[in-house]
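Residues per chain, in single letters:
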Amino acid sequence: MTAKIKHFPGTSLSEKDFDEKKVLFVHDELKADYAWDTGVGIGTYLAGLKRGVIMGSYCATCHKTVVPPRTVCEWCFRPMDEYVPVRDTGTVNTFSLCYVTWDVKRIKEPEIPAVIHLDGSSELSDASVIMGGIMHKLGDVDPKKVKIGMRVQAVWKKPEQRMGAITDILYFKPIKD
Amino acid sequence: MTLLERDKDAPQAWHGNLPVTSRYTYGIAGERFFRTLKDEGKIMGAVCPDCDHTYVPAAAFCERCLAELTEWVDVGLVGELHTYTVLFVDYEGRQLDEPELVGFITFGDGGIVHKLEADPDDLDIGIPMQAILKPKSKREGSILDILYFKPVEG
């Protein structure tokens, strides 16, 4: 329908028009501070990261361990049975070589976001399944050599610098055989 | 530790900020309204002759019959106090040392919400209120080019 309209009424404005104050305008900055309650599950996860462990939660009915921990099992809808530590090693499930930053600036060395499937802790039975994975970055690696199925390990901040955030893990790096 | 108990080491909340900025242009009628306020120090209204209605601030179209409004009129700087309120807290919710006054001053069939400078005891619904403008050199085409409204003396 818009193809039929040859001329749209109105005035298009360029940045120059604003610089030269050709039109009146107001600039505003919304005060959008927020505080997101971490809740019980994610709170436990963040507290774990501060201590240097990655926590999951385990459902004894379904034999599933999820990371980050949730308080209710997604399969049977019963409360999860316990929080369990999982290993800080895992397998690259999927990844991306990203040549732009979050605010769309070009970069030479790519950021490598990846989903990492973490290894379950040793107390877990063989029947347990670690579901999904956590989103993090890969580092200390040649971008050309990143592969799905690659074994990786978390590189942590120093304990005194950790604050209970996902960034307490700096990145995951390949495990050298 | 039971599953639903908060970990004592857990951060209570994650704090963040959304960097949202905006730039608002006034539109065709708004541009002309604020230009006139800035350059000539006048408050303008727009008349719809068919509806016998004067819009203040001036508008591009009549809200009642949708006709384009071409007849603009200077409605003067004195309006009528329609209602007002005394504010004891500021925008952030903090207690103010001195209460502030905000009122709605009618012009034509419309009006303007603005700050009032007056002793609250002197205010009455319906009294004439005068707009006090910034000096011309300081005006920048904003509603704040009107500093405040005060009761007409005498």
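Analysis parameters
- Residues numbered from 1 in each chain as written.
- Chains lettered and ligands numbered in written order.
- Predicted model: local features only at pLDDT ≥ 70, side-chain atom pairs only at ≥ 80, totals over all residues.
- Helix = DSSP H or I, 4+ residues; strand = E, 2+ residues; numbered from the N terminus.
- Buried ≥ 20, exposed ≤ 12 C-beta atoms within 10 Å, placed from the backbone.
- Contact = placed C-beta atoms within 7 Å.
- Core = buried A, V, L, I, M, F, W, Y, C linked by C-beta atoms within 7 Å.
- pLDDT = per-residue confidence, 0-100.
- Nonpolar A, V, L, I, M, F, W, Y, C, P; charged D, E, K, R; others polar.
- Pairing = 2+ DSSP bridges.
- Axes fitted to C-alpha atoms, helices over the stretch in contact; angles between N-to-C directions.
- Expected span 1.5 Å × (residues − 1).

Asker: Got a minute to help me understand the overall build of chain A in this structure?
Answerer: Scanning chain A from N- to C-terminus turns up two helices and 12 strands. The order of α-helices and β-strands along chain A, N terminus first, is α-β-β-α-β-β-β-β-β-β-β-β-β-β. Within chain A, the fraction of its 177 residues that count as buried is 24%. For chain A, the proportion of contacts with a sequence separation of at least 24, taken over those separated by at least 6, is 52%.

Asker: Hey, could you run me through unusual backbone geometry in this one?
Answerer: Excluding glycine, residues mostly carry a negative phi; peptide bonds, for their part, are mostly trans. Of the consecutive residues Val67 of chain A and Pro68 of chain A, the connecting peptide bond is found in the cis state with omega at -5°. Omega for the bond connecting Val56 of chain B with Pro57 of chain B falls within 30 degrees of zero, at -5°, which places this linkage in the cis form. Positive phi is not limited to glycine here, since Phe77 of chain A has a value of about 60°. The exposed category is assigned to Phe77 of chain A, around which 8 C-beta atoms lie within 10 Å. One non-glycine residue, Val104 of chain A, adopts positive backbone phi at about 60°. Within the secondary structure, Val104 of chain A sits in the loop between strand E7 (98-100) and strand E8 (106-118). Judged by the 6 C-beta atoms lying within 10 Å of it, Val104 of chain A is exposed.

Asker: Is there a simple way to explain the nonpolar core in this structure?
Answerer: Burial of nonpolar side chains together is a common tendency in soluble globular proteins. In this structure, Leu46, Ile54, Val67, Ile116 and Leu118 of chain A are the most contacted members of the largest nonpolar core, which totals 26 residues. Ranked by the residues each element gives to this core, the list is headed by helix H2 (residues 39-51) of chain A, at five residues. In this structure Ile54 of chain A touches Gly48, Leu49, Val67, Pro85, Val86, Asp88 and Leu118 of chain A, once residues within four positions along its chain are discounted. Within the second largest apolar cluster, 21 residues are counted, among which are Val56, Ala58, Met129 and Ile146 of chain B.

Asker: Explanation requested: the confidence of the model for chain A in the structure shown.
Answerer: Note: predicted coordinates in regions of low pLDDT should not be interpreted at a detailed level. Residue and element names in this part refer to chain A. In this model, chain A carries a mean pLDDT of 87, and residues with pLDDT of at least 70 account for 92%. When pLDDT is averaged over each helix and strand of chain A, the minimum, 55, is found for strand E9 (residues 129-131) and the maximum, 97, for strand E12 (residues 169-174). In the predicted structure, residues 121-128 sits below a pLDDT of 50 and forms 10 contacts with residues beyond four places in sequence or in another chain.

Asker: What is the right way to look at the interface of chain A and chain B in this model?
Answerer: The extent of an interface is frequently quoted as the accessible surface area lost upon association of the parts. Tallying the contact residues gives 27 residues for chain A and 26 residues for chain B. Looking at the side of chain A that touches chain B, the elements with two or more residues in it are strand E1 (25-29), strand E2 (33-37), H2 and strand E5 (82-86) of chain A. With six residues, H2 of chain A is the single largest residue contributor to the side of chain A that touches chain B. Split by residue class, the side of chain A that touches chain B holds 15 nonpolar, six polar and six charged. Judged from the five bridges that link them, E2 of chain A and strand E1 (residues 13-17) of chain B form a sheet pairing that is antiparallel.

Asker: For this particular structure, what's the right way to read the sheet that holds strand E3 (residues 44-48) of chain B?
Answerer: Strands belonging to one sheet form pairs held by backbone hydrogen bonds; the direction of such a pair is parallel or antiparallel. All names here are of chain B. What the three strands build is an open sheet, ordered E4-E3-E5; its pairing is antiparallel. A single partner strand is all that each edge strand has here, and the edge strands are strand E4 (53-55) and strand E5 (71-74). Pairwise comparison of adjacent strand axes, ignoring direction, gives a mean angle of 35° for this sheet.

Asker: Even after reading the chapter, I still don't get H2 of chain A, so can you show me in this structure?
Answerer: In an α-helix, one full turn covers 3.6 residues, which means residues spaced three or four apart are oriented alike. Residue and element names in this part refer to chain A. Taking 1.5 Å of rise per residue, the 13 residues of H2 would be expected to cover 18 Å, and the 18 Å separating its terminal C-alpha atoms lies within 8% of that figure. Here H2 lies mainly inside the structure; 10 of its 13 residues are buried. Residues of H2 that are buried: Val40, Gly41, Ile42, Gly43, Thr44, Tyr45, Leu46, Ala47, Gly48 and Leu49.

Asker: I would appreciate a short explanation of the pairing of strand E8 (residues 110-116) of chain B in the present structure.
Answerer: Within a regular beta strand, the side chains point alternately toward one face of the sheet and then the other, so they alternate between its two faces. All names here are of chain B. Here strand E7 (residues 95-107) pairs with E8 via seven bridges, running antiparallel. Directly across from Phe104, in E8, lies its bridge partner Val113. The turn linking E7 back onto E8 is made up of two residues, and Gly108 within it adopts a positive phi angle of 55°.

Asker: Explain the environment of Phe107 of chain B here, please?
Answerer: Residues and elements named next belong to chain B. Position of Phe107 among the secondary structure elements: in strand E7. Separated by 31 residues in the primary sequence, Phe107 and Gly76 have C-alpha atoms spaced 8.3 Å apart. Beyond its immediate stretch of four places on either side in the chain, Phe107 contacts Ile43, Gly45, Val56, Val75, Gly79 and Ile112.

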